[in-house]
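Observations on the model geometry
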Amino acid sequence: KNRATGYQRNGRSYENSPYLDMSIPYAAGSLYSTVEDLYLWDQALYTNKLLSKEKMDLLFTKHIPSGKRYYGYGWSIYEMSIGNTKDKIQTIGHGGGINGFNTLITRIPSDKSLIVLLNNTGGGPLQEMTTAISGIMYDKSYDLPKKSIAYTLLDVIRKEDITSGLTYYKKVKDDAGYHLDEAEMNLAGYELLKSGKAKEAAAVLKLNVEAFPKSSNVYDSYGEALLAIGEKTEALENYKKSVSLNPGNEGGLKILKENGINTDDLIKKIPVEHLKLLEGEYQAITDEGWKIVFKEIGGVLNGNDRGYKYKLVPVGDDEFVNPDDGASLLFDTKDKNAITLLLFGKVKFKKKV
């Protein structure tokens, strides 16, 4: 009683989130509060009622760089855009998420303002909402959170047909008021698949492949839908692509092997001497604190991003994918003495010599 329960989105509807014994997350999630009480706590952080000044300074000092942000002791410290303007304001905040909930608290020390968003529907766009609220607070222009193409597309297909859905998709996919999310498109495809609309599911999942061609998961999902409509040859080609992008896709490997396909040659092999050329420390051009170290180990290029370690899958001589998160990495080796790296297609790094 008097406590919110957690829900998660299932296509356009909501369902109870999976049960989680709250002794497992403990202090990382086994808490409940109200916006009002969090405000009282926030205001107390401007005094020495809770901690001494020395310890409070430790909380909010920029200790560890993280992209364009810094980490204090349990707080993310960064400059947030005010609304949709180029104006920025210093903030201290942190988000959280657990089964059926996501949250975001944003402190603005300059005027002791606080934005708290507590959501019990799993994955609301809280950062977009916070940025928009800041625009309202400071009399700046702002954007409303964008609508989901995936869920509105699903509505059109269910109410009309797949032809109308594809026409709708072409109309809104580049509209600034909508956003296209890989995971949401995947969920929409599986909603159709579960409801017996396999052809419609395949059409939606094909759109996801076209929109996110460097993601292993989109090919795997599309392959499953193709199998459901009897397009086995094309399905296996998509499973091959999925495995080539993510050799750890055990489900895809199993299906290919069951169909007599040799998977040994699906992973592109890069000569060790070329991987050695890419080894070294790379520094982000726009952020001196962001450094990534690459090292060849056993014929595989390994990355270490400030303690986050991962193995890269080659999709070209100088192009790789991190199967953990789908991140693209493109090296420019035309000048062997000045190698650069483009991460996510937008963040540029330079190799230190």
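Coordinates for the structure precede this section.
In this report, we go over the structure that sits alongside the text. Along each chain, residue indices are assigned from 1 in the same order as the chain's sequence is written. Only residues with pLDDT of at least 70 are given local features in this predicted model, and only at 80 or more are side-chain atom pairs given and counted; all residues enter the totals for whole chains, interfaces and linings. Excluded from the side-chain calculations are hydrogens and water; all other atoms, namely the structure's heavy atoms, are used.

1. Here's the deal with the overall build of the protein
Across its full length, the protein carries 11 helices and 19 strands. For the protein, the spread of C-alpha atoms along the three principal axes comes to 70 × 60 × 45 Å. For this analysis, residues touch if any pair of their heavy atoms sits within 4.5 Å. Partitioning the intrachain contacts of the protein with sequence separation of at least 6 by distance along the chain shows that 42% fall at a separation of at least 24. In this tally, Asp and Glu contribute negative charge and Lys and Arg positive charge; neither His nor the terminal groups of the chain are included. Here the site of a charge means NZ on Lys, CZ on Arg, CG on Asp, or CD on Glu. Positive and negative charge centroids in the protein, built from 47 and 47 side chains respectively, lie 2 Å apart. Only runs of H or I of at least four residues qualify as helices and only runs of E of at least two qualify as strands under DSSP, and these elements are numbered from the N terminus.

2. A word on the environment of Thr61
Take Thr61: it is sitting in the loop between helix H2 (53–59) and strand S3 (64–66). Each residue's exposure class comes from its accessible area (1.4 Å probe, protein chains only) as a fraction of the maximum for that residue type: buried when under 20%, exposed when over 50%, partly exposed otherwise. For Thr61, a relative accessible area of 34% translates into the label partly exposed. It is 5.3 Å that separates the C-alpha atoms of Thr61 and Gly72, two residues lying 11 residues apart in sequence. Excluding residues that lie within four positions of it along the chain, Thr61 makes contacts with Tyr71, Gly72 and Ile77. N or O atoms within 3.5 Å of each other form a polar contact, as long as, within protein, one can give a hydrogen and the other can take it, and as long as residues adjacent in sequence are counted only when both atoms are side-chain atoms. Reaching out from Thr61, the side chain makes a polar contact with the backbone oxygen of Asp57 at a distance of 2.5 Å.

3. Considerations on the nonpolar core
Across soluble globular proteins, nonpolar side chains have a tendency to be buried as a group. Nine residue types can take part in a nonpolar core, namely buried Ala, Val, Leu, Ile, Met, Phe, Trp, Tyr and Cys, and a core is a set of them joined through side-chain atoms within 4.5 Å. Grouped together as the largest cluster of nonpolar side chains are 20 residues, with contacts concentrated most on Phe294, Phe331 and Phe349. Taken together, the elements giving at least two residues each to this core come down to helix H11 (272–278), strand S11 (280–284), strand S12 (287–297), strand S17 (327–332), strand S18 (340–343) and strand S19 (347–351). Setting aside its immediate chain neighbours within four residues, Phe349 contacts Tyr282, Gln283, Ala284, Ile285, Trp290, Ile292, Thr340, Leu341 and Leu343.

4. Remarks on the sheet that holds S19
One open sheet holds the nine strands; their spatial order is S14-S13-S12-S11-S19-S18-S17-S16-S15, and the pairing between them is antiparallel. Strands at the two margins of the open sheet, each flanked by one partner only, are strand S14 (308–311) and strand S15 (313–314). Pairing analysis gives four bridges linking strand S13 (residues 300–305) to S14, with the strands arranged antiparallel. From the neighbouring strand, Asp305 faces S14, where its bridge partner is Tyr308. Note: two strands are recorded as paired if DSSP finds a minimum of 2 bridges between them.

5. Focus: the packing of helix H4 (residues 149–159) against helix H6 (residues 182–194)
Interaxial distance between H4 and H6 falls to 8 Å at its minimum, and their mutual angle equals 25 degrees. By the angle between their axes, H4 is roughly parallel relative to H6. Crossing angle aside, the handedness with which H4 passes H6 is right-handed. Contact residues: H4 offers Ala150, Tyr151, Leu153, Leu154, Ile157 and Arg158, while H6 offers Glu184, Met185, Leu187, Ala188, Glu191 and Leu192. Here the nonpolar group is Ala, Val, Leu, Ile, Met, Phe, Trp, Tyr, Cys and Pro; Asp, Glu, Lys and Arg are the charged ones; every other residue, Gly included, is treated as polar. Of the residues that constitute the contact of H4 with H6, the class distribution is nine nonpolar, no polar and three charged. Helix axes are fitted only over the stretch in contact, all axes being lines through C-alpha atoms; the angle between N-to-C directions runs from 0 to 180 degrees. Should an angle fall under 35 degrees it is taken as roughly parallel, and over 145 as roughly antiparallel, whereas 65 to 115 is taken as roughly perpendicular and any remaining angle as oblique. Each helix crossing is assigned a hand: it is left-handed if the near helix lies turned anticlockwise from the far helix by less than a right angle, otherwise right-handed if that turn is clockwise.

6. Looking at the packing of aromatic side chains
In this analysis, rings of Phe, Tyr and Trp, with Trp reduced to its six-membered ring, are considered paired at centre separations within 6.5 Å, and the interplanar angle assigns stacked below 30 degrees, edge-to-face beyond 60, and tilted for intermediate values. Following the criterion strictly, the structure yields nine aromatic pairs and no others. On the basis of an interplanar angle of 85 degrees and a centroid distance of 5.2 Å, the ring pair of Trp290 and Phe349 is categorised as edge-to-face. Separated by 59 residues along the polypeptide, Trp290 in strand S12 and Phe349 in strand S19 bring together distant segments of the chain. Look at Phe349 and you get buried, because its relative accessible area is 0%.

7. Regarding the packing of helix H5 (residues 162–172) against helix H7 (residues 198–211)
Relative orientation of the contacting elements H5 and H7 amounts to 20 degrees, with a least axis distance of 10 Å. In terms of axis orientation, H5 runs roughly parallel to H7. The two elements H5 and H7 meet at a crossing, and its hand is right-handed. Counting all contacts with H5, which are made through Ile162, Leu166 and Tyr169, the residues of H7 involved are Glu200, Ala203, Leu207 and Ala211. Class assignment for the residues of the contact of H5 with H7 results in six nonpolar, no polar and one charged.

8. Remarks on the pairing of strand S6 (residues 88–98)
Looking at chain direction, strand S5 (residues 76–81) and S6 are connected through six bridges and run antiparallel. Paired with Met80 across the bridge in S6 is Ile89. Taken together, S5 and the strand that follows it, S6, pair antiparallel across an intervening segment of six residues, in which Gly83 is found at a positive phi of about 60 degrees. The pairing of S6 with strand S7 (residues 101–108) spans seven bridges and is antiparallel. Considered in S7, the bridge of Gly97 is made with Asn102. With antiparallel pairing between neighbouring strands as the criterion, S6 and S7 make up a hairpin whose turn holds two residues, including Gly100 at a positive phi of roughly 85 degrees.

Worth remembering: the numbers are spatial, not functional.
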